[in-house]
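Below, each chain spelled out in residue letters.
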Amino acid sequence: MARTIATNRRVERDELEQFLRSRHDGVLVTTRADGRPQLSPVTYGVDDAGRIVVSTYPERAKAVNVRRDPRASLLSLGERFSDPWVQVDGEAEVIDLPESVEPLVDYYRSISGEHPDWDEYRAAMVTQGKSLVRLTITRWGPVATGGFPARLAEA
């Protein structure tokens, strides 16, 4: 049986954003108070400015951590574990109510398109006390897949 060869493909910013918009599952990495990483599985979108956006609550670890240390990373995953992935790094911010309502609308649109009742959605976000984490990407790795090193392709 042929071995799957690992790939690492460098991409420009526009191709990165296109890749990120094609999926919505990821792992957001923030920094705990003791300096250790906090990993949070998230559903993410990409806003019109190319920033990663994640809906959350103000008391969740990711929001608390970002308020203290804005450095954050996201590992973007595909539907299957073996799908291509990419890590992006940057500076994050937390947007709370009432300023978070319209960015939360944009978040929803970036993932699911149009909502049947935007007034109802906005009211639900306020009732739930939702916040938004927004990650401005400053660097990224290659779009990669797992597998064997190429030198072992024929082994």
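No experiment lies behind these values; they were computed from the predicted model shown. (Residues numbered from 1 in each chain as written. Predicted model: local features only at pLDDT ≥ 70, side-chain atom pairs only at ≥ 80, totals over all residues. Heavy atoms only, no water.)

Re the overall build of the protein
Stage number 1. Summing up its helical and strand segments, the protein has four helices and eight strands in all.
Stage number 2. The N-to-C order of helical and strand elements in the protein reads β-α-β-β-β-α-β-β-α-α-β-β.
Stage number 3. C-alpha extents for the protein along the principal axes are approximately 60 × 40 × 25 Å.
Stage number 4. Looking at the protein as a whole, 41% of its 155 residues are labelled buried.
Stage number 5. At a minimum sequence separation of 6, the contacts of the protein that also span at least 24 residues come to 71%.
Stage number 6. Carbon together with sulfur atoms contributes 51% to the accessible area of the protein, which is approximately 9,100 Å² in total.
Stage number 7. Of the side chains in the protein, 21 bear a positive and 24 a negative charge, and the two mean positions are spaced by 8 Å. (Helix = DSSP H or I, 4+ residues; strand = E, 2+ residues; numbered from the N terminus. Buried < 20%, exposed > 50% of the residue type's maximum accessible area, 1.4 Å probe, protein only. Contact = heavy atoms within 4.5 Å. Areas by Shrake-Rupley, 256 points an atom, 1.4 Å probe, with all protein chains shown as cover. Lys, Arg positive; Asp, Glu negative; His and termini not counted. Charge placed at Lys NZ, Arg CZ, Asp CG, Glu CD.)

Considerations on helix H3 (residues 101–112)
Stage number 1. Its 12 residues give H3 an end-to-end C-alpha distance of 16 Å, which sits within 8% of 16 Å, the value for a rise of 1.5 Å per residue.
Stage number 2. Buried within H3 we find Val101, Pro103, Leu104, Val105 and Tyr107.
Stage number 3. The first or second residue beyond H3 is Gly113, which carries a positive phi of 85°. (Expected span 1.5 Å × (residues − 1).)

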